[in-house]
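# Per-entry structural report
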Amino acid sequence: MTTDLLILQTLLVGLVSVLMAVMISIIDGIVNNYGDVVVDVNGKKQMTVKGGTKLLGTLADQGIFLPSACGGRGSCGACKCQVESDVGPHLPTETPYLTDKEIKDNVRLACQVKVKADIKVHIPEELFNIRKMECVVEKIVELTYDIKEVLVRMPAGTELNYVSGQYGQFEVPKYGDIKEPTARAYSFSSNPQMKEHVEFLIRLVPGGAVTTYVHKFLKEGQKINVIAPVGDFNVKDTDASMICVAGGSGMAPMKSIFNDRIARGVINDRPIWYFFGARTTKDMFYLDWLWELDAKYSNFHFVPALSEPGPDEDWKGPVGLITTVLDEYLQTKIPLTDVKEGYLCGSPGMLDACMVVMKKNKMPEERIFFDKFA
Amino acid sequence: MKMNEDLKKAQAQMKSGVITVEGFLGYDDRDLATIIQHDEEEMARLNLDWEVVGQAMHDLLKKGSDGLGEPISVDKKWLVHVDETRGTLPSPWAGEGIFHKVNCEVRRLDKEGKPEGKILLFNELSLNMLEKHHFLQGRGSHFRLEPSDVKTVLGMWG
């Protein structure tokens, strides 16, 4: 009798659970079913999509890729776009990334806005060039203990048009505890004339989902997605001396810029000073190539500096933080009368410190260009 | 220590895929209250003071920032690499704001100035969680601060 009661009780509990699951499913279908909605982009393109997903993903499904460095997690603030329809007030997850003017202009983070009804958005035209491509990893080179050079080949028949200084989002598949494909942004290190390939320099970030995959698991021949080209860091078309400063994987856009200028025959058209900082020789790479450029082109000056060379290292170059070396060169070696432009790539701390030095040496702030986060 | 509503909400935010891809709990299947309680006991057993540890880590983060994104030796005792990656992270505890992704990797230097094996890895957010909530992250999390490692790397033998 007791056993029968237990079986009956179990059956009842099971039945109630099934009924509740069905009800939840039905309610969810009703509450979260927004039906078909129309997304109007710039008043030029109308797309009918299923409502209920985030604007960033909705646009991506339609082949429109907004910049995003965090994969839509609301932690990078890159996927800004102007929403002309009323989609409710700005969320607390958006406001830290927006200026007062952007909030007034109804600029939103596309990853935080849910498309529930017809919506009008304005997206800068240049972003329509961003595409998602399934590429093949052609070559991986270990440059230092924590930086890898990764060359990927575009899909057959595809050419990527970009300028030196731009970047791409490198997407790796799910692995281990990483339950979904994850993308992060990295500057191109490749020559933009080489349109069938793009190259990245990827430094291992402790605990970084993408960099850990690249350093531990990525293999030559493997397929990965690249979303590109993104970004507005580029070399201005002037005669000013280029004062370039980088550290670590900040080398990437500089390599791209120099090779582009070599390919276009303009490497010697204006003075280029390239300051590259590292701690020890173990952190240095591409030295032979850069010294070769220094020797070959009279207007190209390579200044590598080590902050803490070991006693057993045969280092004859400048010693000190790259900002100290930059300051010394700006004061004593680079003609004061030269019109100068700054090109920086590295961590925000390095960039801020370089800005201080450059401004101290009479370089106008509006002539200093940078790409934070290599 | 019991799981109150704040802890329950925070633990939900710590799961992989919510704030970060990997989350804050690693493979640890204990509840947040238990994780915190065990670490408080372990810190006490090792005679480590939360405030002193937090301050030491702040100092290393600040001095390591002088390396401008490259590793730098600090006080001839530590090799510190502070680097920042794009974006910010909100705290799993609601209303605590957002934190820049400034990672700080600390290794102790031996007498010859060579870095030793143990690494202490933290960022602005993990430092905030240590100080405000005594949360050192779950076992298996990349940013887990194991109390014994904290003691060894920071050299808090006193």
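Criteria and cut-off values
- Residues numbered from 1 in each chain as written.
- Chains lettered and ligands numbered in written order.
- Predicted model: local features only at pLDDT ≥ 70, side-chain atom pairs only at ≥ 80, totals over all residues.
- Heavy atoms only, no water.
- Core = buried A, V, L, I, M, F, W, Y, C linked by side-chain atoms within 4.5 Å.
- Buried < 20%, exposed > 50% of the residue type's maximum accessible area, 1.4 Å probe, protein only.
- Helix = DSSP H or I, 4+ residues; strand = E, 2+ residues; numbered from the N terminus.
- Domains from an automatic or database assignment.
- Salt bridge = Lys/Arg side-chain N within 4 Å of Asp/Glu carboxyl O.
- Expected span 1.5 Å × (residues − 1).
- Arc of directions from axis to C-beta.
- Contact = heavy atoms within 4.5 Å.
- Buried area = accessible area lost by both parts, 1.4 Å probe.
- Polar contact = N/O pair within 3.5 Å; in protein donor to acceptor, adjacent residues only side chain to side chain.
- Nonpolar A, V, L, I, M, F, W, Y, C, P; charged D, E, K, R; others polar.
- 1 Å grid on protein atoms, 1.4 Å probe; cavity = no way out; pocket = protein on both sides within 12 Å on 5 of 7 lines; lining within 4 Å.
- Points joined across faces, edges and corners; volume = space filled by probe spheres on them.
- Patch = residues over 30% accessible without salt bridge, like charges linked within 9 Å, V, L, I, M, F, W, Y side chains within 5 Å.
- Areas by Shrake-Rupley, 256 points an atom, 1.4 Å probe, with all protein chains shown as cover.

## Description of the nonpolar core
The tendency in soluble globular proteins is for nonpolar side chains to be buried as a group. Residues and elements named next belong to chain A. Grouped together as the largest cluster of nonpolar side chains are 34 residues, with contacts concentrated most on Val-39, Leu-55, Leu-59, Leu-66 and Ile-123. When contributions to this core are tallied by element, the ones reaching two or more residues are strand S1 (36–41), strand S2 (45–50), helix H2 (55–61), strand S3 (80–83), strand S4 (107–109), strand S5 (119–122) and strand S11 (223–230). Two domains each put at least three residues into this core: domain 1 (36–127) and domain 2 (130–230). Judged by nonpolar contacts, the second largest core, of 30 residues, contains Ala-246, Ile-267, Leu-290 and Phe-369.

## Considering the pattern of salt bridges
Charged atoms that come close allow side chains of opposite charge to pair. Counted according to the given criterion, the structure contains 25 salt bridges over all chains. Two residues, Arg-264 of chain A and Asp-260 of chain A, come together in a salt bridge whose shortest N-O distance is 3.2 Å. Each of Asp-146 and Arg-203 of chain A together with Glu-70 of chain B takes part in a single network of salt bridges with overlapping partners.

## Overview of helix H2 (residues 32–45) of chain B
For the α-helix, the turn length of 3.6 residues means that residues three or four positions removed from each other point alike. Residues and elements named next belong to chain B. Here H2 contains 14 residues, and its C-alpha end-to-end distance of 20 Å stays within 8% of the 20 Å for a straight helix at 1.5 Å per residue. Regarding H2, the residues found buried are Leu-32, Ala-33, Ile-35, Ile-36, Asp-39 and Met-43. Along the axis of H2, the buried residues cluster in a sector spanning 160 degrees; they form a single face. Along H2, the residues that are exposed and aim more than 90 degrees away from the buried face are Ala-44 and Arg-45. Each element contacted by the buried residues of H2 is listed here: helix H1 (5–13), helix H3 (50–64), helix H4 (124–133) and helix H5 (147–154). Where H2 terminates, the next one or two residues include Asn-47, which has phi positive at roughly 60 degrees.

## A look at the interface of chain A and chain B
Note on interface size: it is often stated as the accessible area lost on association of the parts. Contacts between the two partners involve 38 residues from chain A, matched on the other side by 30 residues from chain B. For the pair chain A and chain B, the summed buried surface comes to about 2,600 Å²; carbon and sulfur atoms form 57% of the total. Applying the counting rule to chain A against chain B returns one salt bridge. Of the charged contacts in the structure, one is a salt bridge between Glu-70 of chain B and Arg-203 of chain A, with a shortest N-O distance of 3.1 Å. Remark: the boundary between chain A and chain B carries three residue pairs in polar contact (both at pLDDT 80 or more). At the level of elements, strand S9 (182–187), strand S13 (272–278), helix H7 (322–332), helix H8 (348–360) and strand S16 (368–372) of chain A are the ones that each hand at least two residues to the side of chain A that touches chain B. In terms of residue count, the dominant contributor to the side of chain A that touches chain B is H8 of chain A (four residues). Here the residues of the side of chain A that touches chain B are counted per class, giving 18 nonpolar, ten polar and ten charged.

## Here we look at the layout of surface pockets
If you add up the space inside the second largest pocket, you get close to 800 Å³. Elements supplying a minimum of two residues to the lining of the second largest pocket: S3 and S16 of chain A together with strand S2 (78–90) and strand S3 (98–109) of chain B. Residue composition of the lining of the second largest pocket, by class: 15 nonpolar, eight polar and seven charged.

## Remarks on a nonpolar patch on the surface
Taken together, Leu-5, Leu-8, Leu-12, Leu-15 and Leu-19 of chain A make up a surface patch of nonpolar side chains, about 500 Å² in accessible area. Looking at the element boundaries, Leu-8 of chain A is found in helix H1 (residues 2–31).

## A short note on empty space enclosed by the protein
The final tally for this structure, using the stated rule, is two cavities of 30 Å³ or more. As a volume, the largest cavity reaches approximately 770 Å³. In terms of lining residues, the largest cavity is bounded by 47 residues, among which Val-205 and Gly-208 of chain A together with Thr-85, Lys-101 and Asn-103 of chain B are the most central. At the level of elements, S9, strand S10 (197–203) and helix H4 (209–216) of chain A together with S2 and S3 of chain B are the ones that each hand at least two residues to the lining of the largest cavity. Here the lining of the largest cavity takes five residues from S2 of chain B, the largest share from any one element. Looking at the lining of the largest cavity, its residues break down into 20 nonpolar, 18 polar and nine charged. What the second largest cavity holds in volume is close to 90 Å³. Gly-277, Ala-278 and Ile-322 of chain A together with Gly-67 and Glu-70 of chain B are the residues nearest the centre of the second largest cavity, which is lined by 14 residues in total. Among the elements of the structure, strand S12 (241–247) and S13 of chain A are those that each provide at least two residues to the lining of the second largest cavity. Grouping the amino acids of the lining of the second largest cavity by side-chain chemistry returns seven nonpolar, five polar and two charged.

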